[in-house]
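Okay, here's what each chain looks like letter by letter:
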Amino acid sequence: MNRSKTLLKMIIHGLSENIYLEKVGLSTRNDVVTQNNHKEIKCRFWLMQPLATIKTNKMRMLYLVIIISFIIISCTQNKTETKIQDFFKSGTITITGQVNNLKAEDSKTIFLKQHNLLSGKAEVISIKISNFGEFEKILTVYNSQDISLEYQERTINLLVKQSDSLNLIIDAQNQNQDVIISGTSGERNTLFNQYLQLTLNIKRDYNLKTSGKDFGFIKSSYEKAESKIDSVIKDFPNFKHDALLTTWIDADKKSLINYNLIQYASNNEDLPVTFLTNKNMITEKVINKIDFYCNRSYALDILNNYVGGCVMKERQKFTGDIITKLKNDDYSNAVKLLSDSVMTDFRNIGKDIVMYQLFEQMLLPGMTEMVGKELEIDLLKKYFLQNINSEFVKTLIINTSNEQSNAVLEESLTGNFEEDVLGALMNEFKSKVLYVDISATWCGPCIQEFPYSTTLHENLADNEIVFVYLFAKSNLSDWKKLSAKYNLQGENILLSDEQYNFLLSKYAISSGFPQYLLIGKNGEVLKDAQRPSMEGIKEEIYKLLN
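So, here is what we can say about the structure in this document. (Residues numbered from 1 in each chain as written. Predicted model: local features only at pLDDT ≥ 70, side-chain atom pairs only at ≥ 80, totals over all residues. Heavy atoms only, no water.)

### Here's the deal with helix α8 (residues 296-314)
Over its 19 residues, α8 extends 25 Å from the first C-alpha to the last, a length consistent with the 27 Å expected when each residue adds 1.5 Å. Of all the residues in α8, the buried ones are Tyr298, Ala299, Asp301, Ile302, Leu303, Tyr306, Val307, Gly309, Cys310, Val311 and Glu314. Taking the backbone nitrogen of Ser297 as reference, a side-chain oxygen 3.0 Å away marks Asn295 as the first, capping residue of α8. (Helix = DSSP H or I, 4+ residues; strand = E, 2+ residues; numbered from the N terminus. Expected span 1.5 Å × (residues − 1). Buried < 20%, exposed > 50% of the residue type's maximum accessible area, 1.4 Å probe, protein only. Polar contact = N/O pair within 3.5 Å; in protein donor to acceptor, adjacent residues only side chain to side chain.)

This is the structure in structure tokens:
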């Protein structure tokens, strides 16, 4: 801010020398631009009256104070906006460790779960454990966040940021023994897990007590729960020594009431956004508290539940207007209406995140059905980019595949199968058990299961079972990428719309994603099979194998 100081000196000098501000390049309603480490900071001046026209020194001094205050406020605000625009930064964290007392029958896979703040979806990554119990994973992250590791029946929670390096020691046989955490953020994560353990019952009791209750009861119960959590924090002053941990805990307390309030308002109020704002519970300030997005629950509540449950309900009339404009190929005004009217309360990176999620939704087959035709993705990109500020988010949109749904698939993808794809597979593998996964490339819960499915496939490799992946309502590019990323082995087929509709009709399967089927050697189809991540799926499969 050196040049800002220079600017202030020039203004003061102008006052003492009775010089017009115009002599230093400042005219009415001009922008003053200063440079700080090559980052532009704009301070706007309104009604900049030449100081020489102010007749008394007292009036001049008052006017000067107003100008200086405005400069400081404007520069501070824009500096904050610059920080917000840099919220997403590509970096890595390194997780290494040792599983002690590892037996041959123990799992050799750790599942890492993280929340993708931009897409609003959970992502699961598998980490392989060597025969000696060692493991290592370098994970790309774009923002500070809480993640979890699942090993057998144990969950290990971690709070990480770019450049963190962690080492974990896990006992495979003793689930009650604490995981030893060391490394650059070892102390933070030890304290983080202490906080989670000490507040677990407080939060669980609060959620059980307030589920389905009215606003007054939720609020009064929260105040009691918050007081108990504050007492825990007071007894452990070390919680305050780490800035990220302090921010995460503040967000955690707020998210405790956010979820119940959002559910209440969405289910009981005609104008849920207005209700929560008037009650001073979920305000524009809460929505745009960007630092709090490091807390997964807080981010999900605001960016998923609040937008989907409250904003869209209160402003649903705009949805019809947007669809109408898209039908008329008025992409510019459709996206502008989405940005200016629907997302009124979101600012800066918060708005960019929501706009990115809405952009992704625009590409789903359901939107094509609502509009009645394929949308022009290049035009969507063009006008979404005009309403987004973050360069990071812009890059993601630019790099989005331009492929439409599978209505234009290559014939060779489905040409080897009849209309009844599942029936053809059952005939081909008559003497084997089939575990069928019906998914879509854009379905978050579907993708979350793939690492578990891959591990399950490895564990059952010596058995007479075939893993079948049937993708529907998906595009070719995403199908190829997902198949390669998660190494989906077995029968992996991208269905045409006709094949998918036939599948639903003949086998009386619901149209949601994901769906799991088990087909025995006798051809009996068992619907609603357990997911790959569930403990009981192995037992279900072994019953059919024997």
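### Things to note about the environment of Asp242
Note on placement: Asp242 falls in the loop between α4 (215-235) and α5 (243-268). In this structure, the C-alpha to C-alpha distance between Asp242 and Leu191, residues 51 residues apart in sequence, is 9.5 Å. A polar atom in the side chain of Asp242 sits 2.9 Å from the backbone nitrogen of Leu245.

### Thoughts on helix α20 (residues 537-545)
Every buried residue belonging to α20 is among Ile537, Ile541 and Leu545, and all of these are buried. The arc that holds the buried residues of α20, viewed along the axis, is 70 degrees, so those residues lie on one side. Of the exposed residues in α20, those oriented more than 90 degrees away from the buried face are Glu539 and Lys543. In this structure, the buried side of α20 is in contact with β11 (433-439), α17 (444-459), β12 (465-471) and β14 (515-519). (Arc of directions from axis to C-beta. Contact = heavy atoms within 4.5 Å.)

### With respect to the pairing of strand β7 (residues 145-151)
Where burial is concerned, most of β7 is hidden: six out of the seven residues are buried. Here strand β4 (residues 109-116) runs beside β7; their pairing, made up of three bridges, is antiparallel. Within the sheet, the bridge partner assigned to Leu112 lies in β7 and is Leu149. Summarising the sheet, β7 and strand β8 (residues 154-160) pair through seven bridges and their orientation is antiparallel. Residue pairing for β8: Glu150 is matched across the bridge by Thr155. (Pairing = 2+ DSSP bridges.)

### Details of the pattern of salt bridges
Enumeration according to the criterion identifies 17 salt bridges in this entry. With its nearest N and O atoms 3.6 Å apart, the salt bridge here joins Lys394 to Glu391. Taken together, the residues Lys394 and Glu391, both in helix α14 (residues 391-398) and three residues apart, mark about one turn of the helix. A residue is classified by how much of its surface remains accessible, and Glu391, at 53% relative accessible area, is exposed. Each of the salt bridges in this network shares a partner with another, and the network as a whole consists of Asp164, Arg188 and Asp242. (Salt bridge = Lys/Arg side-chain N within 4 Å of Asp/Glu carboxyl O.)

### Some remarks on the sheet that holds strand β15 (residues 525-526)
Taken in spatial order, the five strands make up an open sheet running β13-β12-β11-β14-β15, and their pairing is mixed. Two strands lie at the open edges of the sheet, namely β13 (491-494) and β15, each paired on one side alone. Bridge count for β11 against β12 is seven bridges, and the pairing is parallel. Across the sheet, the residue bridging to Val436 is Val468, located in β12. Relative to β13, helix α18 (residues 476-485) is tilted by about 165 degrees, and along the sheet it contacts β12 and β13. (Axes fitted to C-alpha atoms, helices over the stretch in contact; angles between N-to-C directions.)

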